[in-house]
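# Working through the structure, step by step
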Amino acid sequence: MTLPDRAIELLTRPDVLAYLATTNADGSPHVAPLWGDADPAAGLVVLNTADGRRKVENMRRDPRVMVALHAPDRMHPPVLIEGTVVEITSDGALEHMQGVARRYTGDGWTEVPGQVRLIVRIRPDHVTTDAP
């Protein structure tokens with residue numbers, strides 16, 4: 001499945017957060033807001049986080065996720081992306097975070113000593129949106 005233009009637009013706006021839903025080991029939900037990004041050529045949702053976070057543990061155990069997006073100027077309807085994590089890697093993650101931070105804040109990312117940044121790539125399996 002390809003990522004619709006509306007999802008790409010929201011994932012690359014500096015005023016939209018991506019709400020990532022994963023499943024805890026006990027089956028309960030875990031939701032975390034993240035800065036979003038997309039790889040339109042590959043049709044993937046791209047997120048950046050730090051290793052050791054609960055969402056990372058959850059995605060490594062169960063790669064099924066949901067990402068919810070909405071524009072602050074148009075809250076409804078949201079874009080809902082049901083997907084599968086296809087890659088979690090540290091390769092290029094700090095550089096990616098620098099670019100995402102510049103888009104959201106206008107400044108680069110301040111590296112945290114000892115923190116390992118990760119890129120998470122998500123293949124959309126089903127997308128609900130108001131536009132194609």
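Before reading further, recall that the structure is shown in the block above.
Residues numbered from 1 in each chain as written. Predicted model: local features only at pLDDT ≥ 70, side-chain atom pairs only at ≥ 80, totals over all residues. Heavy atoms only, no water.

### So, the overall build of the protein
- A tally of helices and strands in the protein yields three helices and six strands.
- When the helices and strands of the protein are placed in sequence order, the string is α-β-β-β-α-β-β-α-β.
- Radius of gyration (C-alpha) of the protein: 14 Å, near the 14 Å computed for a compact globule of 132 residues.
- Dimensions of the protein along its principal axes, counting C-alpha atoms only, are 40 × 40 × 25 Å.
- Within the protein, residue pairs in contact and separated by at least 24 positions form 72% of the contacts whose partners lie at least 6 positions apart.
- Both charge centroids of the protein, one from 14 positive and one from 18 negative side chains, sit 3 Å from each other. (Helix = DSSP H or I, 4+ residues; strand = E, 2+ residues; numbered from the N terminus. Rg over C-alpha atoms; globule rule 2.2 N^0.38 Å. Contact = heavy atoms within 4.5 Å. Lys, Arg positive; Asp, Glu negative; His and termini not counted. Charge placed at Lys NZ, Arg CZ, Asp CG, Glu CD.)

### Here's the deal with the sheet that holds strand S3 (residues 44-50)
- Reading around the barrel, the six strands line up as S1-S2-S3-S6-S5-S4 and close back on themselves, with antiparallel pairing between neighbours. Along the sheet, successive strands turn relative to each other by an average axial angle of 45°, direction set aside.
- Pairing analysis gives four bridges linking strand S2 (residues 29-39) to S3, with the strands arranged antiparallel. Bridged to Asp 39 within S3 is Leu 44.
- Helix-sheet contacts for helix H2 (residues 54-61) involve strand S1 (17-23), S2, S3, strand S4 (64-71), strand S5 (74-89) and strand S6 (117-128), and the interaxial angle to S1 is about 55°.
- Helix H3 (residues 93-105) contacts S2, S3, S5 and S6 of the sheet and is inclined by roughly 90° relative to S2. (Pairing = 2+ DSSP bridges. Axes fitted to C-alpha atoms, helices over the stretch in contact; angles between N-to-C directions.)

### Focus: the environment of Thr 12
- Topologically, Thr 12 is positioned in the loop between helix H1 (5-11) and S1.
- Residue class for Thr 12 comes out partly exposed when judged on its relative accessible area of 31%.
- Separated by 25 residues in sequence, Thr 12 and Asp 37 place their C-alpha atoms 5.2 Å apart.
- Discounting chain neighbours no more than four positions away, the residues touching Thr 12 are Asp 37, Ala 38 and Arg 103.
- Within polar-contact distance, the side chain of Thr 12 engages the backbone oxygen of Ile 8 at 2.8 Å. (Buried < 20%, exposed > 50% of the residue type's maximum accessible area, 1.4 Å probe, protein only. Polar contact = N/O pair within 3.5 Å; in protein donor to acceptor, adjacent residues only side chain to side chain.)

### Focus on a nonpolar patch on the surface
- Residues Leu 17, Tyr 19 and Val 31 make up a contiguous nonpolar surface patch of about 240 Å² in total accessible area.
- Mapped onto the elements, Tyr 19 comes out in strand S1.
- Overall, Tyr 19 belongs to the partly exposed group, its relative accessible area being 32%. (Patch = residues over 30% accessible without salt bridge, like charges linked within 9 Å, V, L, I, M, F, W, Y side chains within 5 Å. Areas by Shrake-Rupley, 256 points an atom, 1.4 Å probe, with all protein chains shown as cover. Salt bridge = Lys/Arg side-chain N within 4 Å of Asp/Glu carboxyl O.)

### Here we look at the pairing of S2
- Pairing analysis gives seven bridges linking S1 to S2, with the strands arranged antiparallel. Pairing of Ala 18 across the sheet is with Leu 34, part of S2.
- Two successive antiparallel strands, S1 and S2, enclose a turn made up of five residues, where Gly 27 displays a positive phi of approximately 90°.
- Remark: four residues form the turn of the hairpin made by S2 and S3, two consecutive strands paired antiparallel; Gly 43 in that turn has positive phi of roughly 70°.

### Quick word on the side chain of Thr 22
- Tracing the chain through its elements places Thr 22 in strand S1.
- Residue classification places Thr 22 among the buried residues on the basis of a relative accessible area of 2%.
- At 2.9 Å, the side chain of Thr 22 and the side chain of Asn 58 are in polar contact.
- Residues contacting Thr 22, with those up to four places away along its chain left out, are Ser 28, Pro 29, His 30, Lys 55, Asn 58, Met 59 and Val 65.

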